[in-house]
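Residue-level structure breakdown
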Amino acid sequence: MHDPKATVDPLGGGDEPLAGGLKQRHLTMLGLGGVIGAGLFVGSGAGIAVAGPGIIVSYLIAGALAMCVMRMLGEMSAAMPASGSFSVHAERALGRWAGFSVGWLYWFLLVVVLAVEATGAAQIANGWAPAVPQWAWVLVFMVVFTVANLASVKNFGEFEFWFATLKVCAIVAFLVLGLLAIFGVLPAASDASGDPVGLTHLSGDGGFLPNGWEGVVSGVLAVVFAFGGLEVVTIAAAESDDPVRSVARAVRSAVYRILFFYVGSMLVIVMVLPWTAQKAGVSPYVTVLDSIGVPSAGTIMNIVVFVALLSALNANLYGSSRMIFSLAERGEAPKALLKVAGGGVPRRAVLASVAFGFVSVLLNLKWPDSVFLYMLNSVGAVLLFVWALIAVSQLRLRRRIEREAPERLVLRMWAFPYLTWAALGAMGVVLGLMLTDDGARPQLLWSAGATALVLVIAGLREWRVRRGAEDNRNDMAHL
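Now for a look at the structure at hand. As the structure is a prediction and not an experimental result, all values here were calculated from the model. (Residues numbered from 1 in each chain as written. Predicted model: local features only at pLDDT ≥ 70, side-chain atom pairs only at ≥ 80, totals over all residues. Heavy atoms only, no water.)

1. Some points on the overall build of the protein chain
Basically, it comes down to this: In DSSP terms, a helix is any run of H or I states spanning at least four residues, a strand is any run of E spanning at least two, and both are numbered starting from the N terminus. Restricting the calculation to C-alpha atoms gives the radius of gyration, and the globule rule supplies 2.2 Å times the number of residues raised to the power 0.38. Only protein chains enter the area calculation, which uses a 1.4 Å probe; residues under 20% of their type maximum are buried, those over 50% are exposed, and those in between are partly exposed. Only heavy atoms matter for contacts: two residues are in contact if any of them lie within 4.5 Å across the pair. Note on areas: these come from Shrake-Rupley sampling with a 1.4 Å probe, and a residue is covered only by the protein chains present in the view. The charged-residue count follows a simple rule in which Lys and Arg add positive charge and Asp and Glu add negative charge, with His and chain termini not counted at all. Just so you know, the charge point we use is NZ for Lys, CZ for Arg, CG for Asp and CD for Glu.
Per the secondary structure count, the protein chain includes 19 helices and zero strands. The C-alpha radius of gyration of the protein chain comes to 23 Å, within 12% of the 23 Å expected for a compact globule of 479 residues. C-alpha atoms of the protein chain, sized along the principal axes, occupy 95 × 55 × 40 Å. Burial statistics for the protein chain: of 479 residues in total, 54% are counted as buried. Long-range contacts, defined as pairs at least 24 residues apart, comprise 79% of the intrachain contacts of the protein chain with a sequence gap of at least 6. Counting every atom, the protein chain has about 19,300 Å² of accessible surface; 66% of that belongs to carbon and sulfur. Here the protein chain carries 33 positive and 30 negative side-chain charges, and the mean point of each set is 7 Å from the other.

2. Observations regarding the pattern of salt bridges
In plain terms, the rule: Should a side-chain nitrogen of Lys or Arg be within 4 Å of a carboxyl oxygen of Asp or Glu, the pair is scored as a salt bridge.
With the rule as written, the count across this model stands at 12 salt bridges. Put simply, Glu158 and Arg25 hold a salt bridge, and the shortest N to O gap is 2.3 Å. Placement of the pair is Glu158 in helix H8 (residues 153–182) and Arg25 in helix H1 (residues 24–33), with a sequence separation of 133 residues. In this structure Glu158 comes out as partly exposed when scored by relative accessible area, which is 26%. A salt bridge links Glu462 to Arg466; its shortest N-O distance comes to 3.8 Å. In this pair, Glu462 and Arg466 both sit in helix H19 (residues 441–478), four residues apart, roughly one turn of the helix.

3. Here we look at the packing of aromatic side chains
For clarity, the threshold we go by: Aromatic rings from Phe, Tyr and Trp, with only the six-membered ring used for Trp, were paired whenever their centres fell within 6.5 Å, and each pair was classed as stacked if the ring planes differed by under 30 degrees, edge-to-face if by over 60, and tilted otherwise. Each ring is checked for a lysine NZ or an arginine CZ that lies within 6 Å of its centre and within 35 degrees of its normal; such an atom marks a charge sitting over the ring.
Counted by the stated rule, this structure contains 19 aromatic pairs. Ring centres of Tyr59 and Tyr262 lie 5.5 Å apart, and the angle between their planes is 50 degrees; on these two criteria the pair is classed as tilted. Taken together, the residues Tyr59 in helix H4 (residues 55–79) and Tyr262 in helix H12 (residues 243–272) connect sequence positions 203 residues apart. Tyr262 matches Tyr59 in its accessibility class, with the two residues each being buried. Centroid distance Trp107 to Phe356: 5.3 Å. Interplanar angle 50 degrees. Geometry classified as tilted. One end of the pair, Trp107, is in helix H6 (residues 96–128); the other, Phe356, is in helix H15 (residues 347–366), and 249 residues separate them in sequence. Through a chain of ring-to-ring contacts, the aromatic side chains of Phe100, Trp104, Trp107, Phe108 and Phe356 assemble into a single cluster. One Lys or Arg, Arg25, reaches over the ring of Phe161 and ends 4.6 Å from the middle of that ring. Seen from the ring of Phe416, Arg398 lies directly overhead, with NZ or CZ sitting 4.6 Å from the centre.

4. Re the packing of helix H13 (residues 284–292) against helix H14 (residues 297–329)
Basically, it comes down to this: Comment: axis = line fitted to C-alpha atoms, over the contacting stretch for helices; angle = value between 0 and 180 degrees taken between N-to-C directions. By definition, turning the near helix anticlockwise from the far helix through less than a right angle yields a left-handed crossing, and turning it clockwise yields a right-handed one. The residue classification treats Ala, Val, Leu, Ile, Met, Phe, Trp, Tyr, Cys and Pro as nonpolar and Asp, Glu, Lys and Arg as charged. All others, Gly included, are polar.
Running from N to C, H13 and H14 cross one another at 150 degrees; their axes reach a closest spacing of 9 Å. Considering only the axes of H13 and H14, their crossing is right-handed. Within the contact between the two elements, H13 uses Tyr285, Val286, Leu289 and Asp290 and H14 uses Ala297, Gly298 and Met301. Residue classes in the contact of H13 with H14 are distributed as five nonpolar, one polar and one charged.

This is the structure we're talking about:
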């Protein structure tokens, strides 16, 4: 059993009880693959529908915000590696209420999204093998990844390494094929005269901004949440052989490459075909590959999306188990979750996370349009609240680290503190836009309600602790 007080060093110098089994290659690919999921391969079509070619600008804006958050998080995690990552940072920067709130909100976010991923992967598998019911596929996936996470952190690392490798290879292949089409090597992107289409579709078909800047803004709302998942790499860094160097390298390599993959993909999609050629509910990647003449493009992308969903399920199960373990470590979750197996795996934390994940899956299968929809809406904007607390924590901790242990700043936030404040302002703008958007407003309101509930619980816990301390002082005074 781990002593919760072991990590109470103001700058995070306490020992981690979890095993250090993740290699640099695991973290690098986790950073790359963590955000390359169904949101990119399928969800990007919604952004193109509202922004047209301007979706490139939408991704640049959303990607820049995600890069800033990742840099802030990388700075703190390299200086203070911890399995609870930003929850631990928030506690050190703002107090126990902040660590409690952001930790539980993020855990809830992961286990609800886990249900979406398990169900999505099961739907694809059911299409390939209709004789096996969807619920049976969900059960298989959950059991397989639970066993993998219970066995060893290296198993998680290996699963994610190969999943991410496949996703990255798929995007690279897509970019190469797209460029060949744009330059006329492949015939699909040529006009009627046989000439390469080049930049025609960027400025034609209603112009680069067919729906104006309003379309770009709507595109940001459609794509910004696709960048969620970057945070897991800093949680995993605490279980690497060299946490400080590993997280610094992973963050540096991930942010630029992810932006390249996202923006590069969007450039190819809107240059190969008119943006109006994209169909609702169909992956824009499939539409482009079909136009180029790639055989069985739909099947290929189905396989890639299937792998992406399983990868995200695996990463979310890992991240949620480490987050709730860290909460227990600091006395913010049941202490029974602190038991660590011989291999350094918090098995009870894994089982607690997967148990709630099973509940979420059942709710999704039974009441997808009622109970589960409310749960999904309640985490819709939680990512932005988490990012905001990361930024505020970095503002507070950067000064403290500079004062007390400047040698730990091996990775620094760009243009501090101005860019941190700019990122906070951008998050506020996105939240404001969600409030004015009919589609996004329910998510924001439900998420705000869930956040308020967690904050109230955190406040009551803080009040009870202070009341207890005051009573103890009074008792001592009477002795």
